Amino acid sequence: GQQLNQSPQSMFIQEGEDVSMNCTSSSIFNTWLWYKQDPGEGPVLLIALYKAGELTSNGRLTAQFGITRKDSFLNISASIPSDVGIYFCAGRASGTYKYIFGTGTRLKVLA
Amino acid sequence: DAGVTQSPTHLIKTRGQHVTLRCSPISGHKSVSWYQQVLGQGPQFIFQYYEKEERGRGNFPDRFSARQFPNYSSELNVNALLLGDSALYLCASSLTGESEQYFGPGTRLTVT
């Protein structure tokens, strides 16, 4: 099935470090969503973006809607062990109702 | 407030059998979407329903069907199960379908 490209695929970081990840599409999107998923559970919505260039924060998380409307970025500041998990982006194009998900970025935090 | 609920939590079926999965959206939400997530991949869109009408369908065979009830809860049905149908089935609830989606805990289906 169709998936968006997320980078990096996985990363190990030290506790306290900042993390950056991105998501790219060949199509223009009207909405970007970012989720975190723990093993065996459903994805949890972190941030929703609706406008090109929009920058939105949720605690230590900041996400941006790329100005080309074909990409989005997620930053996590001062990572902590509970940030461990898989982060997914999801995008929706104008005139459609389905969200297309990314391949995921697996984050591992070393205490 | 209760979040999205799904039942059952886990299910084991044999090839060729039929399965029904259930979802109750967040109170006030009128749209339910179904996704399939196989191990190591992101969720794949199966269906979206809004006000009991199907609004979108992903690239899944006709063995997959769904419906939404007047109380906005939903069922996903899969006929003639194949081994490849083994996956985590996720239900997502949203106000309109275009707005942000909130996921339930999922139903883990194993086909043997």
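Please refer to the structure higher up on the page.
Points about the overall build of chain B
Stage number 1. Check the secondary structure of chain B and you find zero helices and eleven strands.
Stage number 2. Relative to a compact globule of 112 residues, whose C-alpha radius of gyration would be 13 Å, chain B shows 13 Å and is just as compact.
Stage number 3. In terms of its C-alpha atoms, chain B occupies a principal-axis envelope of roughly 40 × 25 × 25 Å.
Stage number 4. Counting only residues that meet the buried cut, chain B has 51% of its 112 residues in that class.
Stage number 5. Looking at chain B alone, contacts between residues at least 24 apart form 54% of all its contacts between residues at least 6 apart.
Stage number 6. Here chain B displays about 5200 Å² of accessible surface, and carbon together with sulfur accounts for 50% of that area.
Stage number 7. Each charge sign in chain B was given a centre, from 10 positive and 9 negative side chains, and these centres are 9 Å apart.

Description of the sheet that holds strand β1 (residues 5-7) of chain B
Residues and elements named next belong to chain B.
Stage number 1. Strand order across the open sheet formed by four strands is β1-β3-β8-β7, with antiparallel pairing between neighbours. Edge positions in the sheet fall to β1 and β7 (64-68), since each of these pairs with one other strand and no more. With strand direction ignored, the average angle separating the axes of adjacent strands in the sheet is 15°.
Stage number 2. Inspection of the sheet shows strand β3 (residues 19-24) paired to strand β8 (residues 74-78) by five bridges, in the antiparallel sense. Paired with Thr20 across the strands is Asn77, a residue of β8.

Side note on the packing of aromatic side chains
Stage number 1. Applying the stated criterion to the full structure yields nine aromatic pairs over all chains.
Stage number 2. Centre to centre, the rings of A:Phe29 and A:Trp32 are 5.0 Å apart; their planes meet at 75°, and the pair counts as edge-to-face.
Stage number 3. In this structure A:Phe29 comes out as buried when scored by relative accessible area, which is 2%.
Stage number 4. Taken together, a centroid distance of 5.1 Å and an interplanar angle of 65° make the contact between B:Phe60 and B:Phe64 edge-to-face.
Stage number 5. In this structure an aromatic cluster arises from ring pairing among A:Tyr35, A:Phe101, B:Tyr35, B:Phe45 and B:Phe103.
Stage number 6. Lying across the ring of A:Tyr97, B:Arg55 places its NZ or CZ 3.8 Å from the centre.

A few points about the state of the cysteines
Residue and element names in this part refer to chain B.
Stage number 1. Evaluation of the coordinates by the stated rule reveals two disulfides over all chains.
Stage number 2. The residue that forms a disulfide with Cys23 is Cys91, at a sulfur-sulfur distance of 1.8 Å. What sets the handedness of the Cys23 and Cys91 disulfide is the S-S torsion sign, and at about -60° it is left-handed. Here Cys23 is found in strand β3, whereas its partner Cys91 is found in strand β9 (residues 87-94), with 68 residues between them in sequence. Each of the two residues, Cys23 as well as Cys91, counts as buried.

Looking at unusual backbone geometry
The general pattern is negative phi for most residues beyond glycine and trans for most peptide bonds.
Stage number 1. In the segment running from A:Ser7 into A:Pro8, the intervening peptide bond is cis, with an omega of -5°.
Stage number 2. Examined against the element boundaries, A:Pro8 turns out to sit in the loop between β1 (5-7) and β2 (10-14).
Stage number 3. Cis geometry marks the peptide bond from B:Ser7 to B:Pro8; its omega dihedral reads -10°.
Stage number 4. Summarising the element assignment, B:Pro8 is placed in the loop between β1 and β2 (10-13).

How each quantity is defined
Residues numbered from 1 in each chain as written. Chains lettered and ligands numbered in written order. Predicted model: local features only at pLDDT ≥ 70, side-chain atom pairs only at ≥ 80, totals over all residues. Heavy atoms only, no water. Helix = DSSP H or I, 4+ residues; strand = E, 2+ residues; numbered from the N terminus. Rg over C-alpha atoms; globule rule 2.2 N^0.38 Å. Buried < 20%, exposed > 50% of the residue type's maximum accessible area, 1.4 Å probe, protein only. Contact = heavy atoms within 4.5 Å. Areas by Shrake-Rupley, 256 points an atom, 1.4 Å probe, with all protein chains shown as cover. Lys, Arg positive; Asp, Glu negative; His and termini not counted. Charge placed at Lys NZ, Arg CZ, Asp CG, Glu CD. Pairing = 2+ DSSP bridges. Axes fitted to C-alpha atoms, helices over the stretch in contact; angles between N-to-C directions. Phe/Tyr/Trp six-rings, centres within 6.5 Å; stacked < 30°, edge-to-face > 60°. Lys NZ or Arg CZ within 6 Å of the ring centre and 35° of its normal. Disulfide = S-S within 2.5 Å.

Read these as geometric descriptors, not functional statements.
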